[in-house]
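Breakdown of the fold
Now for the letters of each chain:
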Amino acid sequence: MKKERINVSRREFLIRSSTMGSGFALGLYLPLASTELMAAEGAAAKAAAIPEVNAWVVIKPDDTVVIRIARSEMGQGTLTGLAQMVAEELECDWSRVTTEYPTPGQNLARDRVWRSFSTGGSQGIRGSHLYVRKGGAVARHMLIEAAAEHWDVPMAECQAANSVITHVPSGRTTTYGKVAAAAAELFPPEQVELKDPKDWKLIGKPVKRLDTVDKLNGKQIFGADLTLPGMLNAAIKACPVFGGKLKTFDANKINKMPGVRKVVRVEDDAVAVVAETWWQAKTALDALPITWDEGPNAKVSTASIDQMLDEGLTSKDRVFVGNENGDVTKALKGATTTVEATYRYPYQNHATMEPMNATARWTQERCEVWCPTQNGEASLEAAAEAAGLPISKCDVYKIHLGGGFGRRGAFQDYVKQAVAIAKQLPGTPVKLLWTREEDMTHGHYHPITKCKLVGGLDDKGNLTGLYVRISGQSILASVRPQWLGKNGIDMITFQGFHADGDHAISYSVPNLLVEHAMRNPPVPPGFWRGVNINQNAIYMECFVDELAHAAGKDPLEFRRTLMANHPKSLAVLNAVAEKAGWSKPAAKGVHRGLAVVKTFGSYVAACAEVSVDANGKLTIQRIVAATDPGYAVNPQQIEAQVEGSFVYGLSALLYGECTIKGGAVEQTNFHDYPSMLIKEMPKVEVIVMPSGGFWGGIGEPTIAVAAPAVLNAIFTATGKRIRQFPLKGTDLRPA
């Protein structure tokens, strides 16, 4: 592979002394704890005394390398992976690497030099790999140039490795820390060459995560832990009915309760209590008399939503075509055998371990927010809007997230609420922390859908036609209507069914029609880890299994006949089948199931092994997973991501359901919305098989294959095809 030659504009990388003087490089040390906040000015002055080589790299005199990361860390390892890519091109000593978050305010002030702050859609690495590597390469060039100028030798005679620059002819050496200040004064190069992947030393290696130690020893601060001098705490209640409003509340009933400082209306649907401690605020809020205007959605229920979706399965109204080829109607009419099935997937909550929270301080001149967020720029925009201040007078300090899964990206309600509360106590930091109950009942939920599938087989058991009708909610129609396509189509609904691209169908079907009847109940939908590939993979992969059994064929061989034109998908499927021993009988009482998808640009497959006893007790014994993300930055992190995604995906399959009664979510905590337990977790074996040439996602693709693989294995074990979820309460006793 040829080296990549990248053009680098001076504006993009040149950090002039005037910028340093204006303060844009100040405050990059996140003021987390109260002692850190009090020392912020000193830390900022210290930061200013250490000039950056470029926007991505600061090197201290002791050779400590600070790499700036714009994306958010929420347990997925993006922080370490991005640092690896910068360090790869920088040729620095990995043992001396630390990281810090720039702020979105600094990003805007510097013409978005760090580009996107959004962390979602499995874009953390695949969406920024090129420019972060470029940042490391430019910094390396400038450091070598500074050393060469100091020695008065040609730059071509110098090499860098492990934070040491060597003048090859003379053997003289110096370190990055000794030349960093001089390098910061240089103009960046117009062009840099990125390494050929075969020469990577750090990318592709299972280096240890940079954030693990602080999490283990308790040093890591999350948003819920944050304390600031003089800080007050707030608890909040919003109308439990979607679309409802706050009617009245009687603050006089609680004003004299211990610690209470203020009771405030928040927008038009919520009330908050501000107190010295959060528990005081929460206790007072529970005692506050509140009257709600529940509005027209008070009659909405799961049953009424199901009726809406059932109508969409057969209606011709508001139907969009996401993929079509051939003549499905003719193919199904001419089929020797037809198979039909209808599946249903429920609303599900993100249920992050750390509930929504944000800390805000507002004055007439400035608004600052400290919060866990998947998109610092979106948080900044929300803060400025709520503050009523120009965005240049606001900033957001990112904190590691105690879970995101999509909830803390597009949705910044908790930030707006925190600022709205702080605005009523000028100059005082106020930390807003939602209760678990508030978090469960005021989410943006994985959308509910139903799916009808009809397949046609010829007399040899070959698939000749496939019809798919999805009836259900559009995320984009609610969250990003400007992203809807022609005539209002939501292509994200068709993930896993696209004709090509990141979410392409993994099979070649001669006659295919995939439709979406858009039906939007008043329950707010949202991007939930994996988004629509989760249910679509179940619909497709379980139905393919149904077709295989109807054709009297082995599920693996049936799939293989449809995948001749999909070699990468076939490769991961073959890999899991081989490692799981598909061609050999499973142990007594153990049954297997398969699934394969392409999504978020990666190719993933799984083979699950389950057992079901005579009483219907399910045990998921093992799942073998394979993923081809093109390039694997950190194989160990990929394995961890696969395992973690299976916890999330299987929890959804087993237990995840939000039901609606009286226009509100009924589930309020982990007692009625549980996660799977450690004892329920299967053994997971991960095959990381990067084929090169492209960058696929990691955090979301593999979540999709666990559930259908397990469901197909359950059918093999019991003879029962499960088409409604979650599995809790389902009779799994063998037929």
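Predicted model, so just to flag it, every value in this text is computed and none were measured.

Another point: the environment of V138. Tracing the backbone shows V138 in helix α7 (residues 129-151). Along the primary structure V138 and E193 are separated by 55 residues, whereas in three dimensions their C-alpha atoms are 9.0 Å apart.

Attention shifts here to the side chain of T702. Within the secondary structure, T702 sits in the loop between β29 (683-688) and α21 (703-718). The class for T702 is buried, based on a relative accessible area of 3%. At 2.9 Å, the side chain of T702 forms a polar contact with the side chain of S645. Dropping the residues within four chain positions of it, T702 is found in contact with V604, T627, Q641, V642, S645 and F646.

For the rest of this paragraph, the subject is helix α8 (residues 176-184). Residues spaced three or four apart along an α-helix point in a common direction, a consequence of the helix completing one turn every 3.6 residues. Of the residues making up α8, those classed as buried are Y176, G177, V179, A180, A183 and A184. Projected down its long axis, α8 shows its buried positions confined to an angular sector of 160°, all on one face.

Moving on, we get to the nonpolar core. In this structure, Y507, I538, I623, F646, L650, V710 and F725 are the most contacted members of the largest nonpolar core, which totals 98 residues. Broken down by element, this core gets its largest block of residues, 11 residues, from α21. Setting aside anything within four residues of it in sequence, one finds Y507 in contact with M540, E541, V544, R559, L562, M563, H566 and V596. Within the second largest apolar cluster, 53 residues are counted, among which are A55, Y101, L194 and I203.

To continue, consider the packing of helix α13 (residues 376-387) against helix α14 (residues 413-422). Running from amino to carboxyl end, α13 crosses α14 at an angle of 35°, the nearest separation of the two axes being 8 Å. Crossing geometry of α13 relative to α14 is assigned as right-handed. On α14, the residues touching S379, A382, A383, E385, A386 and A387 of α13 are V415, K416 and V419. Looking at the contact of α13 with α14, its residues break down into six nonpolar, one polar and two charged.

A few words on the pairing of strand β10 (residues 232-238). Along β10, six of the seven residues are buried, which leaves the element largely enclosed by surrounding structure. Alignment of β10 against strand β20 (residues 430-433), held across three bridges, turns out to be parallel. If you follow L232 over to β20, its bridge partner there is V430. In the sheet, β10 pairs with strand β13 (residues 270-275) via six bridges, with the strands oriented antiparallel. Residue A238 lies in a different strand from β13, and its bridge partner there is A270.

This part takes up the pairing of strand β8 (residues 172-175). Sheet topology places strand β7 (residues 164-167) next to β8; four bridges connect them, and they run antiparallel. The partner of V164 across the bridge, within β8, is T175.

Moving on: unusual backbone geometry. Following F725, the chain continues to P726 via a peptide bond in cis, the omega torsion being 10°. Of note, P726 is situated in the segment after α21. Positive phi outside glycine occurs at E267, with the angle close to 55°. Note that E267 resides in the loop between β12 (260-266) and β13. Given a relative accessible area of 46%, E267 falls into the partly exposed group.

What counts and how
- Residues numbered from 1 in each chain as written.
- Predicted model: local features only at pLDDT ≥ 70, side-chain atom pairs only at ≥ 80, totals over all residues.
- Heavy atoms only, no water.
- Helix = DSSP H or I, 4+ residues; strand = E, 2+ residues; numbered from the N terminus.
- Buried < 20%, exposed > 50% of the residue type's maximum accessible area, 1.4 Å probe, protein only.
- Polar contact = N/O pair within 3.5 Å; in protein donor to acceptor, adjacent residues only side chain to side chain.
- Contact = heavy atoms within 4.5 Å.
- Arc of directions from axis to C-beta.
- Core = buried A, V, L, I, M, F, W, Y, C linked by side-chain atoms within 4.5 Å.
- Axes fitted to C-alpha atoms, helices over the stretch in contact; angles between N-to-C directions.
- Left-handed = near helix turned anticlockwise from the far one by under 90°.
- Nonpolar A, V, L, I, M, F, W, Y, C, P; charged D, E, K, R; others polar.
- Pairing = 2+ DSSP bridges.

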